Amino acid sequence: MGKFEQDKAGALRRYCPSRAAHRLQDVSLEELWQSGKRLILLDVDHTIVKWGEEEFSAEVLDWVASAKAMGFQLRILSNTRHPKRLARLSDKIDIPTKNGKFKPSPEMYMEALAETGFAPEQAVMIGDQIMTDILGANRSGIDSIWLQKMEGPEFAGTKINRVIERLVMSLLYRSTVSVESEVAVGRTTLLEKPIVRQFLKFLFVGVISFVIDTTIRVILMRFIHIDGKLASDQWGQGLRDAYPAVFNFATKPSQAFFPIACVIGSFVATFNSYIMNRALTFKIKDKVDAGKQLLRVFIVNYTGLAINVLVSSIFFRVIPGHPTQSAIVASMAGAGVAAIWNFVGQRYFAFRVHKRI
Ligand SMILES: [Mg+2]
């Protein structure tokens, strides 16, 4: 657990947590007990369970069981607008909840103290939000432990609080954290940020899809023979005979078939992108909306293909120098813009998770 030197927080004192930890299971119960804590107040969403979900992780259940076994009193303080879900969670984990004005009002904190008979110094609040959990604890004279929010979506109103939280915490980190505890208080490096990791996985899937696309094209164009002759030549000839007006661009029969090979390759590659990104990048487990997601991945990726062609063409015209060099740079620019388009499209459109509470 990282420590904040609250005395150095100045004007931001009321927003400054006492401690910080990555996850609930990183909070040392022995340390809390030794420092005289007997009452643990817990936030719900992104502290003990993901927002909107009702399944506790084994680690959270173990931690709660240990706390009870050691003799701690526990209470849940939640700002939820879904009292039925809260009641189910409270039952499941067997910790009473408190009603009262929403955090950061001290009301629920004070009620928990009154009910258990402990002094503020004997209590500790554990939560993931500075503007509610931590501010409320400070206003009640109770120590607090700030947790890193769990991965996953959250309530729209919370996102506004997060903007203020980031600003406040960036100021607090400068003034109140000693260098050696900096890692422990959960500052994440760029590579640890979920969206960056997601994008890297997405690029990995993109490379695999590119290899699949190219392999299919090469196989269709060069490796399939019918009666000892290249199939692409025969299919291309068939296309030229059937639709002379459409395929008159082809000087050789196989050229007429090339666009068809590209369409087949990109189709299979896009299907691969759907399967792999769904499972690996965006980790969607349930089957709900699978068909809709597939359709949306196709819409996003084919729009991305059009953007790729457009951007590459524009760059190819404006970049000076040898045509080969210009083509390489233009293709890279097109692929880069399309990759960002596809990632944003898949993340926020195709695989966007709608929570049902
Ligand atoms: Mg929370």
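Reading guide: rules and limits
- Residues numbered from 1 in each chain as written.
- Predicted model: local features only at pLDDT ≥ 70, side-chain atom pairs only at ≥ 80, totals over all residues.
- Heavy atoms only, no water.
- Donors = N, O, S within 2.8 Å, 3.2 Å for Na, K, Ca; no water.
- Helix = DSSP H or I, 4+ residues; strand = E, 2+ residues; numbered from the N terminus.
- 1 Å grid on protein atoms, 1.4 Å probe; cavity = no way out; pocket = protein on both sides within 12 Å on 5 of 7 lines; lining within 4 Å.
- Points joined across faces, edges and corners; volume = space filled by probe spheres on them.
- Nonpolar A, V, L, I, M, F, W, Y, C, P; charged D, E, K, R; others polar.
- Domains from an automatic or database assignment.
- Expected span 1.5 Å × (residues − 1).
- Buried < 20%, exposed > 50% of the residue type's maximum accessible area, 1.4 Å probe, protein only.
- Arc of directions from axis to C-beta.
- Contact = heavy atoms within 4.5 Å.
- Pairing = 2+ DSSP bridges.
- Right-handed = clockwise from strand over helix to strand, strands pointing away.
- pLDDT = per-residue confidence, 0-100.
- Salt bridge = Lys/Arg side-chain N within 4 Å of Asp/Glu carboxyl O.
- Patch = residues over 30% accessible without salt bridge, like charges linked within 9 Å, V, L, I, M, F, W, Y side chains within 5 Å.
- Areas by Shrake-Rupley, 256 points an atom, 1.4 Å probe, with all protein chains shown as cover.

Observations concerning the coordination of the magnesium ion
Piece 1. Taken together, Asp 43 (OD), Asp 45 (O) and Asp 128 (OD) make up the full set of protein donors to the magnesium ion, lying 2.1 to 2.3 Å away.
Piece 2. All donors of the magnesium ion come from a single chain, and their spacing in sequence reads D-x1-D-x82-D. Linking Asp 45 in the loop between β3 (39–42) and α2 (58–70) with Asp 128 in the loop between β5 (123–127) and α5 (130–139), this pair joins segments that are 83 residues apart in sequence.

Brief notes about the layout of surface pockets
Piece 1. In this structure, the second largest pocket encloses a volume near 840 Å³.
Piece 2. Gly 206, Ser 209, Phe 210, Asn 308 and Asn 342 are the residues nearest the centre of the second largest pocket, which is lined by 28 residues in total.
Piece 3. Looking at the lining of the second largest pocket, the elements with two or more residues in it are α7 (194–223), α9 (253–281), α10 (290–318) and α11 (323–350).
Piece 4. For the lining of the second largest pocket, the element with the most residues is α7, which contributes ten residues.
Piece 5. In terms of residue class, the lining of the second largest pocket is made up of 14 nonpolar, twelve polar and two charged.

Observations concerning the domain arrangement of the protein chain
Piece 1. Per the domain assignment, the segments making up the protein chain are domain 1 (2–187) and domain 2 (192–350).
Piece 2. The gap between the C-alpha centroids of domain 1 and domain 2 is 47 Å.

Brief notes about α2
Piece 1. The end-to-end C-alpha distance of α2 is 18 Å, a good match for the 18 Å that 13 residues give at a rise of 1.5 Å each.
Piece 2. Taken together, the buried positions of α2 are occupied by Val 60, Trp 63, Val 64 and Ala 67. The buried residues of α2 occupy one face: seen down the axis, they fall within an arc of 95°. The exposed residues of α2 that point more than 90 degrees off its buried face are Asp 62 and Ala 69.
Piece 3. Residues of α2 that are buried in the fold lie against α1 (29–34), β3, β4 (73–76), α3 (83–93) and β5.

Some details on the pairing of strand β6 (residues 143–147)
Piece 1. Among the five residues that make up β6, four are buried, leaving the element largely enclosed by the rest of the structure.
Piece 2. Sheet analysis places strand β2 (residues 19–21) next to β6, joined by three bridges and oriented parallel. By the bridge assignment for β6, Ala 20 is matched with Trp 146.
Piece 3. Relative to β6, β5 is paired through four bridges, and the arrangement is parallel. Along β6, the bridge assignment pairs Val 124 with Asp 143.
Piece 4. Chirality of the crossover, the property in question, places the unit of β5, α5 and β6 among those that are right-handed.

Observations concerning the confidence of the model for the protein chain
Piece 1. Within the protein chain, residue pLDDT values average 91, and 94% of them lie at 70 or more.
Piece 2. With pLDDT under 50 throughout, residues 179–184 is counted as low confidence; its partners more than four residues away or in other chains account for ten contacts.

Some words on the environment of Thr 158
Piece 1. Relative to the assigned elements, Thr 158 resides in helix α6 (residues 156–176).
Piece 2. In sequence terms Thr 158 and Gln 325 are 167 residues apart; their C-alpha atoms lie 48 Å from each other.

Overview of the sheet that holds strand β1 (residues 2–3)
Piece 1. Taken in spatial order, the six strands line up as β1-β2-β6-β5-β3-β4 in an open sheet, and their pairing is mixed. Only two strands of the sheet have a single partner each, and these edge strands are β1 and β4.
Piece 2. With two bridges connecting them, β1 and β2 associate as antiparallel partners. Across the sheet, the residue bridging to Gly 2 is Ala 20, located in β2.

A look at the pattern of salt bridges
Should their charged atoms come close, side chains of opposite charge can pair.
Piece 1. For the structure on display, the rule yields 16 salt bridges.
Piece 2. A salt bridge links Lys 103 to Asp 43; the nearest nitrogen and oxygen atoms lie 2.9 Å apart. In this pair, Lys 103 is assigned in the loop between α3 and α4 (107–116) and Asp 43 in the loop between β3 and α2, connecting sequence segments 60 residues apart.
Piece 3. A relative accessible area of 4% means that Lys 103 is categorised as buried.

A closer look at a nonpolar patch on the surface
Piece 1. A cluster of nonpolar residues, Ile 260, Ile 264, Phe 267, Val 268, Tyr 302, Leu 305 and Val 309, forms a patch on the protein surface that exposes about 560 Å² of accessible area.
Piece 2. Going through the elements one at a time, α9 and α10 are the ones with two or more residues in the nonpolar patch.
Piece 3. Considering every element that reaches the nonpolar patch, the biggest residue donor is α9, with four residues.
Piece 4. The partly exposed category is assigned to Phe 267, whose relative accessible area is 47%.

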